[in-house]
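Below are the chains, spelled out letter by letter.
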Amino acid sequence: MEPSRTRSGVTPWQRLRRHRLAMISLGLLGVIALVSLLGPWLSPHSYSRVHLQQHLQPPSASHWLGTDELGRDVLTRLLQGGRVSLFVGLTAALLSALAGILIGAVSGYFGGFIDTLLMRFTDLMLSIPSLPLLLILSRLGKGTVWEIVGILVIFGWMSLARIVRGSFLSLREMQFVDSARVMGIPHWRIILRHILPNTMAPVIVYATLNLGYAILAESSLSYLGLGIQPPLPSWGNMLLNAQHYLKVAPWLAVFPGLLIFVSLLSVNFLGDGLRDALDPRLKI
Amino acid sequence: MYRHLLKRTAQTIPVVFFVTVVVFSLMQLAPGDPMDMLVLSNPNVTPEEVERLRAVYGLDDPIYVQYFRWLSQVVQGNLGYSRLYHRPITSILPQRLANTLALTGLSLLVSILIAIPIGIYSALRQYSVMDYLLSMVAFVGISFPVFWSGILVILLFSVVLGWVPPGGHPSIEPGLGFWGQARYYVAPVLVLSFFSTASWMRYMRSSLLEVIRQDYILTARAKGLPGRVIWVRHALRNALIPIVTLIALTIPALIGGAVVTEIVFSWPGMGRLIFDSLMNNDYYLAMAIFLIFGVLVALFNLLAEVAYAFLDPRIRME
């Protein structure tokens with residue numbers, strides 16, 4: 001316990017701002033998200049229109065990052081792909097965080113049989129190799145955005161459920177919870193208003209790391225041709241054909257991967273900074 | 001101790017059972033009912049004939065009957081027939097499994113040999129410039145998507161420099177010497193071990209730093225033991241315990257990474273096989289591979305428990 005830190009009046013936000021790498025990462029992520037969001041208005045090209053005469057052009061003044069095998073502007077597709085990849089990543093991370101919090105909170109608060117049942121299931125989900133199953137599931141589906149989000153959520157909630165359950169187990173023995181019960185406050189209100197806010201530090205850190213996991217999983221699936229389906233671009237599926245043109249058009253392989261890498265690196269740095277800022281004792 | 005191990009062994013049974021249930025349920029969902037395939041390949045088959053064959057093959061039985069019939073076949077080593085390779089699945093898997101284990105095993109070895117010394121070094125020189133740089137490298141390593149590092153490695157070492165083949169397996173070029181064969185391993189092992197090296201060196205570092213704060217280290221110092229003895233015999237040995245478990249526990253992730261690596265490098269292992277089978281709608285083969293992966297992971301988790309119990313007397317005494 002380090003109460004002096006909190007009593008000194010330094011808020012977590014102030015501590016996060018001191019973490020230089022985390023702030024740079026936050027800024028980078030913000031820029032990537034903003035530019036992707038504004039993409040259609042920033043670029044004169046269409047992300048889907050095919051121009052076979054202009055295929056595989058190297059970076060130039062009119063096509064800053066070159067064109068792909070169908071003559072589509074790579075930068076424009078990267079921006080559109082950013083919308084898709086970040087949307088899938090954020091939504092999947094958010095939904096799996098919600099699922100994890102719900103399962104963890106119910107499990108830890110009520111304990112007993114429900115706890116055993118839910119935690120056994122969590123253990124089972126954690127002990128199966130997720131990637132082969134992700135491949136099979138996405139192959140069985142049609143590869144729509146929401147389907148990919150759903151598949152990622154199925155495999156994304158477990159670690160958070162465990163963390164939240166752990167915090168709930170210790171917090172529910174606290175006197176403020178007892179007093180809330182004595183006052184006749186309903187269970188769901190105790191869970192939401194009295195216990196949950198106290199578990200937010202690890203939840204935020206793990207949810208951030210989950211975002212990285214979701215972006216990575218989506219791009220892996222899409223790279224394999226099992227995720228987001230063309231012509232809709234995602235950073236992963238833009239690499240799908242890039243490997244064939246490695247000799248003649250290496251820029252096709254470099255830029256989408258670079259964006260995935262920079263996003264993941266930023267998310268990981270941000271997670272690290274958040275961990276330092278919110279809970280210095282927390283270890284991963 | 002034995003009771004503990006027995007209990008752990010018993011706990012892997014539900015995991016394996018769960019994997020079989022998942023596999024079987026997915027098979028029901030998979031498109032390409034065997035009868036549809038039959039009709040597709042031979043349009044002259046009459047509906048009556050299809051009905052008769054459905055009854056013969058037991059496709060109209062209740063689902064749990066079908067499940068247990070399937071399970072009893074699996075237990076006897078019959079995983080079904082591959083549509084893609086026109087061979088029994090059990091005859092395809094051993095060679096592929098050997099290739100995957102060679103790749104993951106080698107990467108595991110490389111990662112351990114690099115990560116543990118570096119992690120120790122970082123802990124010994126905590127907050128030094130080198131420690132800071134190494135932790136940056138670790139962040140880069142865990143943020144590098146395997147498929148992209150794979151593509152970049154091919155671009156650099158194969159397309160530009162021409163040092164290693166852009167993919168494939170030594171078995172496609174018979175009569176290669178040791179170094180000729182080794183060239184095929186360099187790129188995939190490099191890519192696959194990068195990620196695990198990055199995360200394990202971080203764990204090694206924090207585990208050692210955690211141990212060094214313990215009271216028994218203080219006691220050892222108070223006894224006047226030399227620094228080297230304290231670090232090696234008291235700190236390092238204890239710090240390695242969680243690392244051993246962690247390594248066993250991250251093997252599922254390694255297998256996952258191997259799936260993507262194998263696909264990038266056309267490495268003829270289980271990962272490449274599951275990809276090829278899915279792309280060719282050979283779902284039974286894909287499920288069989290997933291089943292093998294599930295059992296493998298359960299075994300490795302059990303192995304982690306056993307190793308932990310052996311290494312840590314506190315667990316043994318329970």
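**A word on the overall build of chain A**
Move 1: Regarding its fold elements, chain A presents 12 helices and 0 strands.
Move 2: Each helix and strand of chain A, placed in order from N terminus to C terminus, yields the pattern α-α-α-α-α-α-α-α-α-α-α-α.
Move 3: If you line up chain A on its principal axes, its C-alpha atoms span 75 × 45 × 30 Å.
Move 4: Looking at the 284 residues of chain A, the share that counts as buried comes to 45%.
Move 5: Across chain A, the fraction of contacts at a sequence separation of at least 24, relative to all contacts at a separation of at least 6, is 71%.

**Digging into the overall build of chain B**
Move 1: Counting its regular elements, chain B contains 14 helices and 2 strands.
Move 2: Expected size for 318 residues packed as a compact globule is a radius of gyration near 20 Å; at 25 Å, chain B overshoots this value by more than 25%.
Move 3: Across its three principal directions, the C-alpha atoms of chain B cover 90 × 55 × 35 Å.
Move 4: A burial count over chain B gives 34% of its 318 residues as buried.
Move 5: Restricting the contact set of chain B to residue pairs at least 6 apart, pairs at least 24 apart contribute 73%.

**With respect to the environment of B:Tyr283**
Move 1: Mapped onto the elements of the fold, B:Tyr283 is located in helix 13 (residues 283-311).
Move 2: Among the residues examined, B:Tyr283 registers 20 C-beta atoms within 10 Å and is labelled buried.

**Overview of the interface of chain A and chain B**
As a measure of interface size, the accessible area lost when the parts come together is often cited.
Move 1: On the side of chain B, 38 residues touch chain A, which itself brings 32 residues to the contact.
Move 2: Secondary structure elements with two or more residues in the side of chain A that touches chain B: helix 5 (112-127), helix 6 (130-140), helix 11 (200-223) and helix 12 (251-278) of chain A.
Move 3: Taken together, the residues of the side of chain A that touches chain B break down into 22 nonpolar, 7 polar and 3 charged.

**Focus on unusual backbone geometry**
Move 1: Following A:Pro230, the chain continues into A:Pro231 via a peptide bond in cis, with omega recorded as 10 degrees.
Move 2: Inspection of the secondary structure puts A:Pro231 in the loop between helix 11 and helix 12.
Move 3: One non-glycine residue, B:Asn281, adopts positive backbone phi at about 60 degrees.
Move 4: Inspection of the secondary structure puts B:Asn281 in the loop between helix 12 (270-279) and helix 13.
Move 5: Residue B:Asn281 is classed as partly exposed on the basis of its 16 C-beta neighbours within 10 Å.

**Focus: the confidence of the model for chain A**
All names here are of chain A.
Move 1: Residues of chain A with pLDDT of at least 70 account for 95%, and the chain-wide mean is 85.
Move 2: Looking across chain A, the model is least confident in helix 1 (residues 3-7), with a mean pLDDT of 44, and most confident in helix 7 (residues 145-154), with 92.
Move 3: Of the regions scoring below 50 in pLDDT, residues 1-7 engages in 2 contacts with residues more than four places distant in sequence or in other chains.

**Points about the packing of helix 8 (residues 158-171) of chain A against helix 11 of chain A**
All names here are of chain A.
Move 1: At a minimum axis distance of 10 Å, the contact between helix 8 and helix 11 shows a crossing angle of 175 degrees. As the angle between them shows, helix 8 and helix 11 are arranged roughly antiparallel. In this structure, helix 8 contributes Ser159, Leu160, Ile163, Val164 and Ser167 to the contact, and helix 11 contributes Pro202, Val203, Tyr206, Ala207 and Asn210.
Move 2: When its residues are assigned to classes, the contact of helix 8 with helix 11 shows 7 nonpolar, 3 polar and no charged.

**Digging into the confidence of the model for chain B**
Move 1: The share of residues in chain B with pLDDT of 70 or more is 97%, and the mean pLDDT across the chain is 84.
Move 2: Reported for the predicted complex are a pTM of 0.86 and an ipTM of 0.83.

**What to know about the nonpolar core**
Move 1: A:Leu160 and B:Ile289 are the most contacted members of the largest nonpolar core, which has 142 residues in total.
Move 2: Here B:Ile289 is in contact with A:Pro132, B:Met270, B:Leu273 and B:Ile274, once residues within four sequence places are set aside.

**Digging into the environment of A:Ser170**
Residues and elements named next belong to chain A.
Move 1: Here serine 170 is to be found in helix 8.
Move 2: A residue is classified by how many C-beta atoms lie within 10 Å of it, and serine 170, with 11 of them, is exposed.
Move 3: Through-space distance from the C-alpha of serine 170 to that of arginine 72 is 56 Å; in sequence the pair is 98 residues apart.

Each value, and the rule that gives it
- Residues numbered from 1 in each chain as written.
- Chains lettered and ligands numbered in written order.
- Predicted model: local features only at pLDDT ≥ 70, side-chain atom pairs only at ≥ 80, totals over all residues.
- Helix = DSSP H or I, 4+ residues; strand = E, 2+ residues; numbered from the N terminus.
- Buried ≥ 20, exposed ≤ 12 C-beta atoms within 10 Å, placed from the backbone.
- Contact = placed C-beta atoms within 7 Å.
- Rg over C-alpha atoms; globule rule 2.2 N^0.38 Å.
- Nonpolar A, V, L, I, M, F, W, Y, C, P; charged D, E, K, R; others polar.
- pLDDT = per-residue confidence, 0-100.
- Axes fitted to C-alpha atoms, helices over the stretch in contact; angles between N-to-C directions.
- Parallel < 35°, antiparallel > 145°, perpendicular 65-115°, else oblique.
- Core = buried A, V, L, I, M, F, W, Y, C linked by C-beta atoms within 7 Å.

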